[in-house]
Amino acid sequence: MEIIRLGHSTLLVETVGIRVLIDPGAFTDGWEEVEGLDAVVVTHQHADHVDPSRMPALLARNPGVRVLLEPETFRKTEVEGAEPFEAGQVETLGA
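What comes next concerns the included structure. (Residues numbered from 1 in each chain as written. Predicted model: local features only at pLDDT ≥ 70, side-chain atom pairs only at ≥ 80, totals over all residues. Heavy atoms only, no water.)

**Some points on the sheet that holds strand E1 (residues 2-7)**
Logical step 1: A sheet is described by the order of its strands in space; here 6 strands give the open sequence E1-E2-E3-E4-E5-E6, paired in mixed fashion. Every other strand in the sheet has two partners, leaving E1 and strand E6 (82-84) as the edge strands with one partner each. Strand after strand, the sheet turns through a mean of 20° between neighbouring axes, direction not considered.
Logical step 2: Across 3 bridges, the pairing between strand E5 (residues 66-69) and E6 is parallel. (Pairing = 2+ DSSP bridges. Helix = DSSP H or I, 4+ residues; strand = E, 2+ residues; numbered from the N terminus. Axes fitted to C-alpha atoms, helices over the stretch in contact; angles between N-to-C directions.)

Dropping the structure here:
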């Protein structure tokens, strides 16, 4: 597994055949150009953890990517195809 810090709070986690982008926020440049993602995870709604204005570009580069948002972020942020991701919830990717 590799954990790559793209900037501020944004992480790219890579393991065999799986790529997850965590907290793509306003204080990090370039994350909307990342390709080959299986999931995007947002831990909370602060601007440094999610920038909804740049999400469409990321989603266009990653068709079929799962977008898992903390529930309050899910309610307040319109991201196409997003799913709420509750505390304690477990999701399996690549299975």
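**Structural notes on the nonpolar core**
A general tendency of soluble globular proteins is for nonpolar side chains to be buried together.
Logical step 1: In this structure, Leu21, Leu37, Val40, Met55, Leu58, Val67 and Val79 are the most contacted members of the largest nonpolar core, which totals 16 residues.
Logical step 2: Those elements giving two or more residues to this core turn out to be strand E4 (39-42), helix H1 (55-61) and E5.
Logical step 3: Residues in contact with Leu21, not counting those within four places in the same chain, are Leu6, Thr10, Leu11, Leu12, Trp31, Leu37, Ala39, Val40, Val41 and Leu58.
Logical step 4: With 5 residues, the next largest nonpolar core counts Ile18, Val20, Val41 and Leu68 among its residues. (Core = buried A, V, L, I, M, F, W, Y, C linked by side-chain atoms within 4.5 Å. Buried < 20%, exposed > 50% of the residue type's maximum accessible area, 1.4 Å probe, protein only. Contact = heavy atoms within 4.5 Å.)

**Concerning the side chain of Asp48**
Logical step 1: The residue Asp48 is located in the loop between E4 and H1 in this model.
Logical step 2: Buried Asp48, no salt bridge; nearest opposite-charge side chain is Arg5, N-O distance 9.2 Å.
Logical step 3: A polar atom in the side chain of Asp48 sits 3.4 Å from the side chain of His49.
Logical step 4: Setting aside chain neighbours within four positions, we find Asp48 in contact with His8, Ser9, Asp23, Gly25, Ala26 and Phe27. (Lys, Arg positive; Asp, Glu negative; His and termini not counted. Salt bridge = Lys/Arg side-chain N within 4 Å of Asp/Glu carboxyl O. Polar contact = N/O pair within 3.5 Å; in protein donor to acceptor, adjacent residues only side chain to side chain.)

**Section: the pattern of salt bridges**
Side chains that differ in charge, positive against negative, can pair when their charged atoms come close.
Logical step 1: As enumerated under the stated definition, the model contains 7 salt bridges in all.
Logical step 2: Glu14 is the partner of Arg19 in a salt bridge, and the nearest nitrogen-oxygen pair spans 2.1 Å.
Logical step 3: Of the residues examined, Arg19 reaches a relative accessible area of 24% and is grouped as partly exposed.
Logical step 4: The exposure class of Glu14 is buried, given its relative accessible area of 17%.
Logical step 5: Residues joined by salt bridges that share partners form a network here, namely Glu32, Asp51 and Arg54.

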